[in-house]
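As a plain string of letters, each chain reads:
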Amino acid sequence: MNGVRTSTGKTVEPLKDGFLEKLPKRALSRVGIVDVGSNSIRLVVFDGAARSPAYFYNEKVMAGLGQDMATTGRLNPAGVERGFDAMRRFAALAKGMDIEPLTCVATAAVREAEDGPEFQKRVERETGIKMLVIDGEEEARLSAQGVLLGWPEAEGLVCDIGGNSMELAVVSNGKVGKRATSQLGPFRLQQVQGGKSGLRDHIARIMSELAEKVGTDHRRIYLVGGSWRAIARLDMERSDYPMTVLHEYQMTPKAVADTIGWIASNDLNDLRGRVGISSSRMELVPLASQVLAELIATFKPEELNVSSYGIREGLLYEHMSDRLRKRDPLIEAARFSERQMARIPGFGKKLYQFLLPLFPDLPPEKDRLVQAACLLHDTTWRAHPDYRAEACFDNVTRANMAALSHPERVFLGLALLHRYKNSRAKSPMAPLFALLSEDQIREAEILGKAMRFGAMFAIDDPADAGELTFRKKRSVLELKLTGMGRRLLGEVALSRFRSLCNAIGVEPEVVD
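Residues numbered from 1 in each chain as written. Predicted model: local features only at pLDDT ≥ 70, side-chain atom pairs only at ≥ 80, totals over all residues. Heavy atoms only, no water.

Visitor: Can you lay out helix H13 (residues 311-319) for me, pointing to particular residues and giving the numbers?
Guide: Judged by how many residues are buried, H13 sits mostly within the fold: eight of nine residues are covered. Buried residues of H13: Ile-311, Arg-312, Glu-313, Gly-314, Leu-315, Leu-316, Tyr-317 and Glu-318, and no others. (Buried < 20%, exposed > 50% of the residue type's maximum accessible area, 1.4 Å probe, protein only. Helix = DSSP H or I, 4+ residues; strand = E, 2+ residues; numbered from the N terminus.)

In structure tokens, the structure reads:
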């Protein structure tokens with residue numbers, strides 16, 4: 001394969017499709033990936049290449065390799081030493097976790113710097129890690145694939161900002177389309193001449209060129225990169241948002257504009273202390289804010305979605321078959337959790353089947369939440385009974401799960417809270433309930449109380465003990481018992497059945 005020529009005239013070897021297949025089969029149970037960026041270097045170890053991978057290990061070092069590179073043409077000397085120390089540590093960690101060899105991808109800084117090849121060779125010589133240097137369009141493709149790992153139905157424009165570059169890629173129908181790369185990274189923008197107006201014109205000109213390459217008809221923009229996540233975290237702080245999970249956080253263009261103005265009118269050190277952003281990251285936020293403002297002005301999206309998934313997840317997605325890619329990440333994650341943590345793995349599917357009569361004609365987006373809740377209903381059984389309900393809620397709302405919006409997280413959490421607790425009064429989680437409508441809160445309570453009854457009604461399979469029938473015209477929920485069911489329907493189970501009926505607003509009817 002021919003190399004790719006960069007803006008500095010150097011030639012780098014592009015990433016080859018399917019390279020993950022060359023990893024030893026032993027390593028595929030845990031895949032270790034190192035992302036060498038202009039600002040940060042991160043090691044992520046995924047626990048297997050399943051559709052919804054777990055993050056077994058995650059460590060980031062803010063090396064700043066690309067700092068001042070726009071003026072010197074070379075990697076930052078202090079950043080090189082920090083970066084090398086990080087790579088040496090990551091190599092040792094990988095050996096300790098038995099995941100050698102690591103897959104290592106380097107982007108703009110190593111790609112563009114005069115001494116990038118020297119750093120690349122030193123790392124390989126002294127740590128054994130082979131660094132794959134990719135061009136901007138390949139970087140855009142991998143970032144977009146990371147978004148598709150988290151959002152299988154993603155439609156719109158992926159925007160990945162790093163320290164020295166910014167990439168765009170169109171995603172539609174599960175595929176990555178047009179791609180473009182630019183030098184709109186904050187490190188490079190620090191060197192633009194002409195003051196505020198010069199910087200503004202520079203950003204606008206490059207953004208216009210990008211728009212010609214990828215088009216402007218994109219309702220959603222998916223934001224990838226630490227600078228975007230920092231701005232999103234500040235948006236949460238400004239708006240007093242009740243959740244701090246950044247993945248799938250949604251912002252409107254107006255909200256972003258308000259936050260950018262709010263950042264400009266506040267002391268950055270004070271803001272940094274309030275939200276826990278590193279000083280090196282916070283330093284880049286003002287410039288990133290200007291880029292984001294111009295991105296919105298140029299592409300005019302209706303909404304912006306934050307993605308915590310990017311190149312590293314895109315590399316994992318690269319290895320997946322089309323069949324695996326089509327699976328629902330939420331259901332896969334819930335199944336994995338059930339296998340690992342439930343007392344009776346496999347019961348969740350039976351519980352779902354037993355409760356289906358309560359939820360006729362569910363649209364797919366709601367049906368998947370009912371399935372996930374049933375799979376997760378017993379995964380916190382080891383928690384202390386006094387805190388089990390809140391532990392359920394907390395686990396789901398903060399869990400590393402993909403394809404799950406913030407309101408959906410709260411819906412699942414509330415359903416699982418009611419699986420262990422009749423009342424949500426005085427719950428410490430109450431502020432998050434504001435993300436749901438009253439109807440959604442009621443639906444979550446019904447689902448939770450249904451699981452609370454079904455889980456108590458039978459140990460192996462509720463269908464062996466009875467059958468539920470929703471008599472809508474009579475406003476009755478009928479429970480038809482089998483011989484086993486007559487023996488199992490004790491006082492507590494009957495009480496939970498009546499509580500479920502009360503939540504639905506129907507009369508209970510038990511048929512022997």
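Visitor: Can you tell me about the domain arrangement of the chain, naming the residues and giving the values?
Guide: Under the domain assignment used here, the chain contains domain 1 (18-134), domain 2 (137-313) and domain 3 (328-510). Taken over C-alpha atoms, the centre of domain 1 sits 23 Å from the centre of domain 2. In this complex, domain 1 contributes 24 residues to the contact, which on the side of domain 2 involves 23 residues. Across the interface of domain 1 and domain 2, roughly 2,000 Å² is buried in total on both sides, 54% from carbon and sulfur atoms. When the area that domain 1 buries against domain 2 is broken down by residue, the three leading residues are Asn-39, Arg-51 and Ile-134, summing to 23%. Along the contact surface separating domain 1 from domain 2 lie two salt bridges. Among the salt bridges present, the one from Glu-139 reaches Arg-111, with a minimum N-O distance of 3.2 Å. Between domain 1 and domain 2 we count seven residue pairs in polar contact (both at pLDDT 80 or more) in total. The set of elements that each furnish at least two residues to the side of domain 1 that touches domain 2 consists of strand E3 (31-36), strand E4 (41-47), helix H1 (69-72) and helix H3 (108-112). (Domains from an automatic or database assignment. Contact = heavy atoms within 4.5 Å. Buried area = accessible area lost by both parts, 1.4 Å probe. Salt bridge = Lys/Arg side-chain N within 4 Å of Asp/Glu carboxyl O. Polar contact = N/O pair within 3.5 Å; in protein donor to acceptor, adjacent residues only side chain to side chain.)

Visitor: Residues and numbers for the environment of Gln-440, please.
Guide: Within the secondary structure, Gln-440 is located in helix H20 (residues 438-457). A C-alpha to C-alpha distance of 7.1 Å links Gln-440 and Phe-411, two positions 29 residues apart in sequence. Setting aside residues up to four positions removed in sequence, Gln-440 forms contacts with Phe-411 and Leu-435. From its side chain, Gln-440 meets the backbone nitrogen of Ser-437 in a polar contact 2.8 Å long.

Visitor: Could you give an account of the sheet that holds E3, naming the residues involved and the relevant values?
Guide: Judged by pairing direction, the sheet is mixed, and its five strands sit side by side in the order E5-E4-E3-E6-E7 without closing on themselves. In this open sheet, the two strands that pair with only one neighbour each are strand E5 (54-61) and strand E7 (131-133). Strand-to-strand, the axes of this sheet are offset by a mean angle of 20°, without reference to chain direction. Where E4 lies against E5, seven bridges are found, and the strand directions are antiparallel. Its bridge partner lying in E5, Val-44 is registered against Asn-58. (Pairing = 2+ DSSP bridges. Axes fitted to C-alpha atoms, helices over the stretch in contact; angles between N-to-C directions.)

Visitor: So what's going on with the side chain of Glu-332? Residues and values would help.
Guide: When you line up the elements, Glu-332 lands in helix H15 (residues 329-341). What Glu-332 contacts, discounting residues up to four positions off in sequence, is Arg-51, Ser-52 and Arg-327.

Visitor: Describe the packing of helix H17 (residues 364-376) against H20, with residues and values.
Guide: For any two helices packed against each other, one specifies the crossing angle of their axes together with the interaxial distance. It is at 11 Å that the axes of H17 and H20 come closest, and there the two elements cross at 35°. The interaxial crossing formed by H17 with H20 has right-handed handedness. Touching Lys-366, Val-370, Ala-373 and Cys-374 of H17 are Glu-443, Leu-447 and Met-451, all from H20. (Left-handed = near helix turned anticlockwise from the far one by under 90°.)

Visitor: Please give an account of the environment of Leu-210 that cites residues and values.
Guide: With respect to the secondary-structure elements, Leu-210 resides in helix H7 (residues 195-214). The class of Leu-210 is buried, set by a relative accessible area of 2%. Along the primary structure Leu-210 and Glu-167 are separated by 43 residues, whereas in three dimensions their C-alpha atoms are 9.1 Å apart. Excluding residues within four positions of it along the chain, Leu-210 makes contact with Met-166, Leu-168, Ala-180, Thr-181, Ser-182, Leu-184 and Phe-299.

Visitor: Can you lay out helix H22 (residues 491-504) for me, pointing to particular residues and giving the numbers?
Guide: With 14 residues, H22 extends 20 Å from end C-alpha to end C-alpha; this agrees with the ideal 20 Å at 1.5 Å per step. By the burial criterion, the buried members of H22 are Ala-493, Arg-496, Phe-497, Ser-499, Leu-500, Cys-501, Ala-503 and Ile-504. Among the structural elements, H20, strand E14 (466-471), strand E15 (476-481), helix H21 (483-488) and strand E16 (507-511) are those in contact with the buried residues of H22. The first or second residue beyond H22 is Gly-505, which carries a positive phi of 90°. (Expected span 1.5 Å × (residues − 1).)

Visitor: Quick rundown of the packing of aromatic side chains? Include the residues and the values.
Guide: For any pair of aromatic rings, the description consists of the separation of the ring centres together with the inter-plane angle of the planes. The full count for this structure, using the stated rule, is nine aromatic pairs. Between Phe-393 and Phe-433, the aromatic rings sit 5.8 Å apart at their centres with planes inclined by 70°, giving edge-to-face as the arrangement. Linking Phe-393 in helix H18 (residues 388-398) with Phe-433 in the loop between helix H19 (406-420) and H20, this pair joins segments that are 40 residues apart in sequence. Here Phe-393 matches Phe-433 in class, with each residue buried. Here the aromatic residues Phe-354, Phe-453, Phe-457 and Phe-497 are joined through ring pairs into a cluster of three or more. For Arg-122, the ring lying beneath its charged end belongs to Phe-84, and the centroid distance is 4.0 Å. (Phe/Tyr/Trp six-rings, centres within 6.5 Å; stacked < 30°, edge-to-face > 60°. Lys NZ or Arg CZ within 6 Å of the ring centre and 35° of its normal.)

Visitor: Tell me about the UniProt feature "domain: Exopolyphosphatase C-terminal" (unreviewed entry) in the chain, and please be specific about residues and values.
Guide: UniProt records the feature "domain: Exopolyphosphatase C-terminal" (unreviewed entry) for residues 365-506 in the present numbering. As annotated, residues 365-506 has a helix share of 55% and a strand share of 8%, and its two end C-alpha atoms lie 25 Å apart. (UniProt positions renumbered as here; feature names shortened; annotations may be inferred.)

Visitor: Mind laying out the pattern of salt bridges, listing which residues take part and the relevant values?
Guide: All told, the structure shown has 36 salt bridges when counted by the stated rule. One salt bridge in this structure joins Arg-368 and Glu-408, with 4.0 Å as the shortest N-O distance. Residue Arg-368 is found in helix H17, and its partner Glu-408 is found in helix H19; the two are separated by 40 residues along the sequence. Between Arg-474 and Glu-509 there is a salt bridge; the shortest N-O distance is 2.6 Å. Here Glu-509 lies in strand E16 and Arg-474 lies in the loop between E14 and E15, a separation of 35 residues in the sequence. When its relative accessible area of 48% is taken as the criterion, Arg-474 is described as partly exposed. You can call Glu-509 partly exposed: its relative accessible area is 24%. Where salt bridges share partners, they join Glu-81, Arg-122, Arg-125 and Glu-126 into one cluster.

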